[in-house]
Amino acid sequence: MFQDNPLLAQLKQQIQENLPKKEGTIKATDKGFGFLEVDSKTSFFVPPPYMKKCLHGDKVMAIIRTEKEREVAEPQELLEPSLERFIGRVKLFKGKLNVAPDHPQLKKQSLKAKVKKGLKSDDFAEGDWVVARLIRHPLKGDNGFFVEITEKITDANDKIAPWWVTLAQNDLPNKEPEGIDNWQIKDDEALQRVDMTHVPFVTIDGESTKDMDDALYAKKTANGDFELTIAIADPTAYITPEDDMDKVARERGFTIYMPGRNIPMLPRDLADELCSLHEGEVRPALCCTVTVDKDGVIGDDIKFFAANIQSHARLVYDHVSDFIENGESAQWQPNDEIAAIVRDLYDFSLARANWRQTHAVVFPDRPDYRFELSEDNDVVAIHAEMRRSANRLVEEAMITANICAGRTLRDAFGHGVFNTHSGFKAEKIEDVVTLVNPEGSESFDADSIATLEGFAKLRRWLGEQDTSYLDNRIRKFQAYSEIGNQPLPHYAMGLDIYATWTSPIRKYGDMINHRMLKAHILGKEPVQTADETVGEELALHRKHHKIAERNVADWLYARTLEQEPEKGTTYTAEIFDINRAGMRVRLMENGAAAFIPGSMILANKERLQCDGDNGQVILDKEVLYRLGDTLEVVLAEVNQENRSLLAKPTQVFADAPAPEAEAAEGEQPQASQQAEAK
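Residues numbered from 1 in each chain as written. Predicted model: local features only at pLDDT ≥ 70, side-chain atom pairs only at ≥ 80, totals over all residues. Heavy atoms only, no water.

1. Some remarks on the overall build of the protein
For the protein, the count of helices and strands is 17 helices and 29 strands. Along the longest, intermediate and shortest principal axes, the C-alpha atoms of the protein span 95 × 75 × 50 Å. By residue count, 46% of the 678 residues in the protein fall in the buried class. Carbon and sulfur atoms form 46% of the exposed surface of the protein, whose accessible area is close to 35100 Å². The positive charge centre, built from 83 side chains, and the negative charge centre, built from 114, are 6 Å apart in the protein. (Helix = DSSP H or I, 4+ residues; strand = E, 2+ residues; numbered from the N terminus. Buried < 20%, exposed > 50% of the residue type's maximum accessible area, 1.4 Å probe, protein only. Areas by Shrake-Rupley, 256 points an atom, 1.4 Å probe, with all protein chains shown as cover. Lys, Arg positive; Asp, Glu negative; His and termini not counted. Charge placed at Lys NZ, Arg CZ, Asp CG, Glu CD.)

In structure tokens form, the structure reads like this:
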């Protein structure tokens, strides 16, 4: 009789209005209750009845009240839902459609669903992957949660699901753009292409590469300097800024690279055929010539020009590396002309690498991990591939080319598409100084490491250390690399300028730089410039592509390593992150990332501390592990649903009392004596 009483409702509202309110994010648990996380140090218990009104990740306003002598949070207002558009799997209950979100904390949350207009409920089966959107939420006054299925991604047991689901999750295209029947060259009438078909350019790529976008030629002079020519495929010869295909390329931003397959930015008939620098085929190209002296210094004689070129040899990384490193290759025997060009290119790369090692920053060699797939999309093998001499040769040529483009765009226009890095975060510089200076030493100061030269000097010093511990610590204090239209330095590379133009088939920013470089060649204003928003657009594309690449890899690792816990296979793991819950490691044999909970190192929390601030795991007040350390591990669990791996060290630590709690026979620790005295 009281439930509809307006006076009681008014009284209840007044009581609630007088209670304190907190804004925070809902964190769910497997046991039905949750927590309202206000900040990193403050959280409130959310009882199961209140959790029925919200989802893990919801940002809410909650009232804080005391129930049974405990402060609890009752969500009252939805500020930001954790689910809007999301990926899920179909669940059928008594023939009714439900969707379970594909999220570790939401998989058990089955939400009632309907299909959008134009779809049929009968087309959906248990376990199918779908795109859905949340249309009702209890905190918005609705009666329960409700979602609408907007798209079917693929069937439940489709082996290609990792790729299709990941692309849909990141709202990325799952196929290349449509080509056209008759591509035409659309060069500016004033642009004269130099005939360079007689120059013996070579391409060096992977054995299966189809979109070959760079060709190289080098000649060592009598005094030991190098005359380098870089030719880059020229899709802007076929695509103008006004074309629909240009809009498609900008919307995509980059070719999407994922394990086992890629989704091109441009149509394959353009990327893999008309623009690809195939051996023996004449192709339009944008070229750059420059002299690099025997000490690796890039000269001032940088010249860009348009040309028609012809690759004289289609070379493969491993074959060229065998030739360079061993003097011969079983799979490849070059003629004298091509052999001389490869040797000169290699000598050029050594000069440049030495210069960068001395004056800039060279990243340590780490393996690239490649999934080998069967025709049925099963993982046949995971290959760890180190960069070899031919890979470094091409890398040095591309870095040189991009420095040349950066200088030219800066001097000609004062803007373009630049890759930049600002060094250390300003608020972290003092922390870096404290970390890298041993007691009594002032090798590095705040003013010096804030400069490009000082930053590069510090990075070179870190590379000389016996362990990577400091390097791992300091990386957390660095800013992120960015893409922008201003000619700013790239601290992480130790370079004062860097603008990529060497992959226009795969990067839209490189297409913009091509058009600007052509304007420089013609002495005209560019038909397209890099506006202020393009950097943000490209950075967002790059972020989603990296997430997609990592997610597919995680899925394939979980699928491939599912039986390894039973086998007890031992792996060498490198620690790359430590937090209060444990440490994250990378398995050096295959590149998989795994988590080692602190409890799998030692269950006794009083003896073990995982110190994320200092990047250390401490046992009995002694450092046990540090960032960058390697250890032997076995996989303890492979979770297919979450695509995650749990590992544990092979070294076992006895769960005994801590040393300070032990005492010589017949003696008592001081704390125990005091307790007894009391």
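From this point, things continue past the structure.
2. Looking at the UniProt feature "domain: S1 motif" (unreviewed entry) in the protein
The UniProt feature table records "domain: S1 motif" (unreviewed entry) at residues 568-649. End C-alpha atoms of residues 568-649 are separated by 12 Å, and the span's content is 5% helix alongside 61% strand. (UniProt positions renumbered as here; feature names shortened; annotations may be inferred.)

3. Concerning helix 11 (residues 452-463)
If you check helix 11, its first and last C-alpha atoms are 17 Å apart, about what 12 residues at 1.5 Å a residue would give, namely 16 Å. Taken residue by residue, helix 11 has Leu-452, Gly-454, Phe-455, Ala-456, Leu-458, Arg-459 and Leu-462 as its buried positions. Residues of helix 11 that are buried sit in contact with helix 7 (336-359), helix 9 (429-436), helix 10 (446-449) and helix 12 (469-475). (Expected span 1.5 Å × (residues − 1). Contact = heavy atoms within 4.5 Å.)

4. Considering the sheet that holds strand 6 (residues 85-93)
Taken in spatial order, the five strands of this closed barrel run 6-7-8-10-9, and their pairing is mixed. Shown here is a sheet whose adjacent strand axes are inclined to one another by a mean of 55°, direction ignored. Relative to strand 10 (residues 146-154), strand 9 (residues 129-136) runs antiparallel, the two being bridged by seven bridges. Pairing of Arg-136 across the sheet is with Phe-146, part of strand 10. (Pairing = 2+ DSSP bridges. Axes fitted to C-alpha atoms, helices over the stretch in contact; angles between N-to-C directions.)

5. Quick word on the nonpolar core
Ranked by internal contacts, the top residues of the largest apolar core, which has 81 residues, are Ile-309, Leu-315 and Trp-501. A total of 11 residues in this core trace back to one element, the largest contributor, which is helix 8 (residues 389-412). Listed in part, the 58 residues of the second largest apolar core include Leu-167, Phe-444, Tyr-491 and Ala-594. (Core = buried A, V, L, I, M, F, W, Y, C linked by side-chain atoms within 4.5 Å.)

6. Comments concerning the sheet that holds strand 27 (residues 622-626)
Judged by pairing direction, the sheet is antiparallel, and its three strands sit side by side in the order 25-26-27 without closing on themselves. For this open sheet the edge positions go to strand 25 (608-611) and strand 27, each flanked by a neighbour on one side alone. Looking at each pair of strands side by side, their axes are set apart by 25° on average, direction ignored. Strand direction decides the pairing type here: strand 26 (residues 616-619) and strand 27, joined by four bridges, are antiparallel. Note that in strand 27 the partner of Ile-618 across the bridge is Val-623.

7. With respect to the pairing of strand 16 (residues 282-292)
In terms of burial, strand 16 is a largely internal element, eight of the 11 residues being buried. Here eight bridges tie strand 13 (residues 226-233) to strand 16, and the two strands are oriented antiparallel to one another. Counted as the bridge partner of Ile-232 is Leu-286 from strand 16. Bridge count between strand 16 and strand 17 (residues 303-316): eight bridges; the pairing is antiparallel. When the bridges of strand 17 are listed, Val-282 appears paired with Gln-310.

8. Thoughts on the packing of helix 6 (residues 317-326) against helix 7
Remark: helix 6 packs on helix 7, axes separated minimally by 11 Å, with the N-to-C direction vectors making an angle of 80°. Regarding the angle of helix 6 to helix 7, the classification is roughly perpendicular. On helix 7, the residues that touch Val-320, Phe-323 and Ile-324 of helix 6 are Ala-339, Val-342, Arg-343 and Tyr-346. Here the contact of helix 6 with helix 7 is built from residues that sort into six nonpolar, no polar and one charged. (Parallel < 35°, antiparallel > 145°, perpendicular 65-115°, else oblique. Nonpolar A, V, L, I, M, F, W, Y, C, P; charged D, E, K, R; others polar.)

9. Observations concerning the packing of aromatic side chains
With the rule as written, the count across this model stands at 12 aromatic pairs. Look at Phe-323 and Trp-332: their rings are 5.3 Å apart centre to centre, the planes differ by 70°, and that puts the pair in the edge-to-face class. In this structure, Phe-323 and Trp-332 share a single accessibility class: buried. One aromatic cluster is present, formed by Phe-33, Phe-35 and Phe-45 through successive ring pairs. Its guanidinium or amino end placed over the ring of Phe-305, Lys-303 lies 5.8 Å from that ring's centre, counting from NZ or CZ. (Phe/Tyr/Trp six-rings, centres within 6.5 Å; stacked < 30°, edge-to-face > 60°. Lys NZ or Arg CZ within 6 Å of the ring centre and 35° of its normal.)

10. As for the packing of helix 6 against helix 8
Remark: helix 6 packs on helix 8, axes separated minimally by 7 Å, with the N-to-C direction vectors making an angle of 105°. Relative to helix 8, the element helix 6 lies roughly perpendicular. Counting all contacts with helix 6, which are made through Tyr-317, Val-320, Ser-321, Ile-324 and Glu-325, the residues of helix 8 involved are Ser-389, Ala-390, Asn-391, Leu-393 and Val-394. By residue class, the composition of the contact of helix 6 with helix 8 is six nonpolar, three polar and one charged.

11. Re the domain arrangement of the protein
The assigned domain composition of the protein is domain 1 (17-80), domain 2 (85-158), domain 3 (194-422 + 479-552) and domain 4 (562-649). For domain 2 and domain 3, the distance between their C-alpha centres works out to 44 Å. (Domains from an automatic or database assignment.)

12. Observations regarding the pattern of salt bridges
Applying the stated criterion across every chain, the model contains 39 salt bridges. Between Lys-186 and Asp-243 there is a salt bridge, with its nearest N and O atoms 3.0 Å apart. Within this pair, whereas Lys-186 is found in the loop between helix 3 (161-169) and strand 11 (194-205), its partner Asp-243 is found in the loop between strand 13 and helix 4 (244-252), the two being separated by 57 residues in sequence. For the salt bridge of Arg-515 with Asp-246, the shortest nitrogen-to-oxygen distance reads 2.8 Å. Taken together, the residues Arg-515 in helix 13 (residues 508-522) and Asp-246 in helix 4 connect sequence positions 269 residues apart. One exposure class covers both Arg-515 and Asp-246, and it is buried. Within the structure, one salt-bridge network assembled from shared partners comprises Arg-356, Asp-365, Arg-387, Arg-392, Glu-395 and Glu-396. (Salt bridge = Lys/Arg side-chain N within 4 Å of Asp/Glu carboxyl O.)

13. Observations regarding the side chain of Asp-510
Note that Asp-510 resides in helix 13. There is no salt bridge for the buried Asp-510, and the closest opposite charge comes from Lys-507, which lies 4.8 Å off by N-O distance. A polar contact is formed between the side chain of Asp-510 and the side chain of Thr-500, at a distance of 2.6 Å. Not counting residues within four places of it along the chain, the set of residues in contact with Asp-510 comprises Thr-500, Trp-501, Thr-502, Ser-503 and Pro-504. (Polar contact = N/O pair within 3.5 Å; in protein donor to acceptor, adjacent residues only side chain to side chain.)

14. Considering unusual backbone geometry
A positive phi angle is found at Lys-94, which is not glycine, with a value near 55°. Tracing the chain through its elements places Lys-94 in the loop between strand 6 and strand 7 (96-101). The exposed category is assigned to Lys-94, whose relative accessible area is 88%. Located in the positive-phi region is Lys-621, a residue other than glycine, with phi close to 65°. Here Lys-621 lies in the loop between strand 26 and strand 27.

15. A closer look at helix 7
Over its 24 residues, helix 7 runs 35 Å from end to end, which matches the ideal 34 Å to within 8%, given 1.5 Å per residue. All of the buried residues along helix 7 are Ile-338, Ala-339, Ile-341, Val-342, Asp-344, Leu-345, Phe-348, Ser-349, Ala-351, Arg-352 and Arg-356. Its side-chain oxygen placed 3.1 Å from the backbone nitrogen of Glu-337, Asn-335 serves as the N-cap of helix 7.

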